[in-house]
Amino acid sequence: MTAETTGVRLDCDGPVATVTLCRPDVLNAQTPAMWRAMSDFSRDLPGDVRVVVVRGEGRAFSAGLDLSVAGASGPGSFAELSTLPEQECADRIAEYQQGFTWLHRPDVISVAAVQGHAIGAGFQLALACDLRVLADDARFSMAEVTLGLVPDLAGTKRLAELVGYSRALEICATGRRLDAAEADRIGLATLVVPRADLDGAVRDLTAGLLAANRDAVVEIKALLAGAGGRTHAEQQRAEREAQTRRLRDLAGRGE
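Rules used in this analysis
- Residues numbered from 1 in each chain as written.
- Predicted model: local features only at pLDDT ≥ 70, side-chain atom pairs only at ≥ 80, totals over all residues.
- Heavy atoms only, no water.
- Buried < 20%, exposed > 50% of the residue type's maximum accessible area, 1.4 Å probe, protein only.
- Helix = DSSP H or I, 4+ residues; strand = E, 2+ residues; numbered from the N terminus.
- Pairing = 2+ DSSP bridges.
- 1 Å grid on protein atoms, 1.4 Å probe; cavity = no way out; pocket = protein on both sides within 12 Å on 5 of 7 lines; lining within 4 Å.
- Points joined across faces, edges and corners; volume = space filled by probe spheres on them.
- Nonpolar A, V, L, I, M, F, W, Y, C, P; charged D, E, K, R; others polar.
- Domains from an automatic or database assignment.
- Expected span 1.5 Å × (residues − 1).
- Contact = heavy atoms within 4.5 Å.
- Axes fitted to C-alpha atoms, helices over the stretch in contact; angles between N-to-C directions.
- Left-handed = near helix turned anticlockwise from the far one by under 90°.

## Notes on the pairing of strand β4 (residues 109-114)
Buried residues dominate β4, accounting for six of its six residues. In the sheet, strand β3 (residues 51-56) pairs with β4 via five bridges, with the strands oriented parallel. Bridged to R55 within β4 is A113. Relative to strand β6 (residues 131-135), β4 runs parallel, the two being bridged by four bridges. Within β6, the position partnered with A113 by the bridge is V133.

## Examining empty space enclosed by the protein
Overall, the coordinates contain one cavity of 30 Å³ or more when judged by the stated rule. As a volume, the largest cavity reaches approximately 70 Å³. Lining the largest cavity are R50, V51, P106, D107, V108, I109, L209, R214, V217 and V218. Here the lining of the largest cavity takes three residues from helix α11 (residues 214-227), the largest share from any one element. Residue composition of the lining of the largest cavity, by class: seven nonpolar, no polar and three charged. For the lining of the largest cavity, the two domains that each supply at least three residues are domain 1 (3-211) and domain 2 (214-251).

## Quick look at helix α5 (residues 86-101)
Taking 1.5 Å of rise per residue, the 16 residues of α5 would be expected to cover 22 Å, and the 22 Å separating its terminal C-alpha atoms lies within 8% of that figure. Where α5 is buried, its residues meet α2 (32-44), α4 (78-83) and α6 (121-128).

## Regarding the packing of α6 against helix α7 (residues 156-163)
The description of two packed helices rests on the angle between their axes and on the distance between the axes. It is at 9 Å that the axes of α6 and α7 come closest, and there the two elements cross at 65°. In the packing of α6 onto α7, the handedness of the crossing is left-handed. Taken together, the residues of α7 that come into contact with α6 (itself represented by F123, L127 and A128) are R158, L159 and L162. Partitioned by chemical class, the residues of the contact of α6 with α7 number five nonpolar, no polar and one charged.

Written out as structure tokens, the structure reads:
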């Protein structure tokens, strides 16, 4: 399927892959077809890719779920999902989640370049990335609650990890909007820059990530990603084991 039919495309340039939401006429509103295409990107990613940049064309990152699709009666609509047996419905949502969760992969670092609105599924797509560079006009909202729904695209754990349980609950339960300054203050943003500087800031960050030893970065990401589920002693052991692998590899004694 083409970007024209799915609304999202993958471009690879050496070690950098770019995922672009390309429905600017509807502020990059998302559909199940987009999620399936994004899931396929994980399988299409060349082995030399180290950084994945996620961006949206036009004036918004993503206005969230395309209600013209979800609110209709065809495939992927609320009406269709509600008629499925419970397990089948859950399995369908699991397929959609895969379009987001591959951005957690240990062998790449994912960077969201966020301008304008990042609402609902757009917010969760930004959360799926390891790092978030925000233009100063960025606006987040976990708006699922306004439709009587819950965030279900793998965003709740990432949000709670970044801002804590109480703040995450308040953000999700109210559906209110957060501007770039607040996102920066509470830990959602890696960096906030003027809108005109967004592309340059993402390029600079990407260059910095690529300048480091790839295997060391993979080990560092694994250490930090797993830290929340380990005790201090377990984390220290993981550090020792990772460093032993690095020392052996650098000395030419790795497996």
